[in-house]
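One-letter residues, chain by chain:
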Amino acid sequence: MLNIVLFGPPGAGKGTQANLLIKRYSLIHLSTGDLLRGEIAEGTALGLEAKSIMDRGDLVSDDIVIGMIASKLDNNPNANGFIFDGFPRTVAQATALDTLLKEKGTFISTMLSLKVADDELIKRLLERGKESGREDDKNEGIITNRINEYNNKTAPLKEFYSGQNKLSEIEGIGQVEEIALKLNDVIDKL
Ligand code: B4P
């Protein structure tokens, strides 16, 4: 199985690149952001709980996102592999993911970490906010909070995966297709 953690700050291009990778490698795309937005759109209890947290740009609780991922793994027993997009975002989530995969006899193959400077992230997300209707893309204060959450709680995961010899850092500024080629290159050498 090919199991990829696609990593980077908000707006780094994770969702964009995941859409290309799932086609090329026939993988299942698990984006916790998309799953949470789906719950909000359906008006579920979980969605109601998550909405105000996401609108502020804070991280949703570990229990909620780990539960969502566990059920998606259970529902796709015959997958070629998974792209984890926006998950894990904390050390607790990364540890839980290792355990869930181990129970299924598999493991994370690699972490692909997209590197993008803060000013570019802010520019991209404000631009997306003009169309997406996402509350968390609408103003610079919330975007800055998301970047701070990333620096405080999520960036330490680079050490977690480099400790397992699985970290590859890729420059995330440039044409989408150029960045995709660099990601393919790392995967093809696994
Ligand atoms: P996500 O949905 O994961 O949101 P994101 O980080 O903003 O998305 P992404 O990084 O994929 O966007 P992309 O770069 O593709 O999370 C939203 C919220 O959900 C979080 O703040 C949190 O509250 C909650 N959440 C999700 N997962 C969680 C978890 N595991 N634990 C706790 N809470 C969780 O796109 C950005 C823009 O850049 C697009 O407009 C795109 O077109 C553009 N772009 C992409 N590549 C580009 C390039 N090369 N050049 C120029 N523009 C580019």
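What this report covers is the structure whose coordinates are included nearby.

Calculation rules
- Residues numbered from 1 in each chain as written.
- Predicted model: local features only at pLDDT ≥ 70, side-chain atom pairs only at ≥ 80, totals over all residues.
- Heavy atoms only, no water.
- Helix = DSSP H or I, 4+ residues; strand = E, 2+ residues; numbered from the N terminus.
- Rg over C-alpha atoms; globule rule 2.2 N^0.38 Å.
- Buried < 20%, exposed > 50% of the residue type's maximum accessible area, 1.4 Å probe, protein only.
- Contact = heavy atoms within 4.5 Å.
- Areas by Shrake-Rupley, 256 points an atom, 1.4 Å probe, with all protein chains shown as cover.
- Lys, Arg positive; Asp, Glu negative; His and termini not counted.
- Charge placed at Lys NZ, Arg CZ, Asp CG, Glu CD.
- Near = heavy atom within 4 Å.
- Polar contact = N/O pair within 3.5 Å; in protein donor to acceptor, adjacent residues only side chain to side chain.
- Axes fitted to C-alpha atoms, helices over the stretch in contact; angles between N-to-C directions.
- Parallel < 35°, antiparallel > 145°, perpendicular 65-115°, else oblique.
- Left-handed = near helix turned anticlockwise from the far one by under 90°.
- Arc of directions from axis to C-beta.
- Salt bridge = Lys/Arg side-chain N within 4 Å of Asp/Glu carboxyl O.

### Topic: the overall build of the protein chain
Thinking step 1. Helices and strands together make up the secondary structure of the protein chain, namely nine helices and five strands.
Thinking step 2. Its C-alpha atoms give the protein chain a radius of gyration of 16 Å, near enough to 16 Å, the size a compact globule of 190 residues would have.
Thinking step 3. The C-alpha extent of the protein chain, read off along each of the three principal axes, is 40 × 40 × 30 Å.
Thinking step 4. Counting across all 190 residues of the protein chain, residues that qualify as buried make up 46%.
Thinking step 5. Look at the contacts in the protein chain between residues 6 or more apart in sequence, and 73% of them connect residues 24 or more apart.
Thinking step 6. Of the roughly 9,500 Å² of accessible surface on the protein chain, a fraction of 50% belongs to carbon and sulfur atoms.
Thinking step 7. The averaged location of the 29 negative side-chain charges in the protein chain is 2 Å from the averaged location of its 23 positive side-chain charges.

### Focus: the site of the ligand
Thinking step 1. Not every one of the 31 residues close to the ligand is listed here, only the nearest: G13, T32, R37, D58 and R146.
Thinking step 2. At 3.0 Å from an oxygen atom of the ligand is found a side-chain nitrogen or oxygen belonging to T16.
Thinking step 3. Calculation on the ligand without its partners gives an accessible area of 1,000 Å², and the protein chains cover 87% of this total.
Thinking step 4. Those elements that provide at least two residues to the shell around the ligand are α1 (14-25), α2 (32-42), α6 (118-132) and α9 (176-188).

### Quick word on the packing of α2 against helix α3 (residues 45-56)
Thinking step 1. Contact pair α2 / α3: the axes reach a minimum separation of 8 Å and the direction vectors enclose 120 degrees. Regarding the angle of α2 to α3, the classification is oblique. For the element pair α2 and α3, the recorded crossing hand is left-handed. Taking contact as the criterion, the partners of G33, L36, R37, E39 and I40 in α2 are, on α3, L46, G47, A50, K51 and M54.

### Points about α2
Thinking step 1. Where α2 is concerned, the buried positions are T32, G33 and L36. In a view along the axis of α2, the buried residues occupy a sector of 105 degrees, so they form one face of it. Along α2, exposed side chains directed more than 90 degrees from the buried face belong to A41 and E42.
Thinking step 2. Those residues of α2 that are buried are in contact with β2 (28-31), α3, α4 (62-75) and β3 (81-85).
Thinking step 3. Where α2 terminates, the next one or two residues include G43, which has phi positive at roughly 70 degrees.

### Points about the pattern of salt bridges
Two side chains that carry opposite charge are able to pair once their charged atoms sit near each other.
Thinking step 1. Summed over all chains, the structure comprises 17 salt bridges.
Thinking step 2. Two residues, R134 and D137, come together in a salt bridge whose shortest N-O distance is 3.8 Å. Note on accessibility: R134 and D137 belong to one class, buried.
Thinking step 3. Overlapping salt bridges, with partners in common, bring together R128, R134, D136, D137 and R146 in one network.

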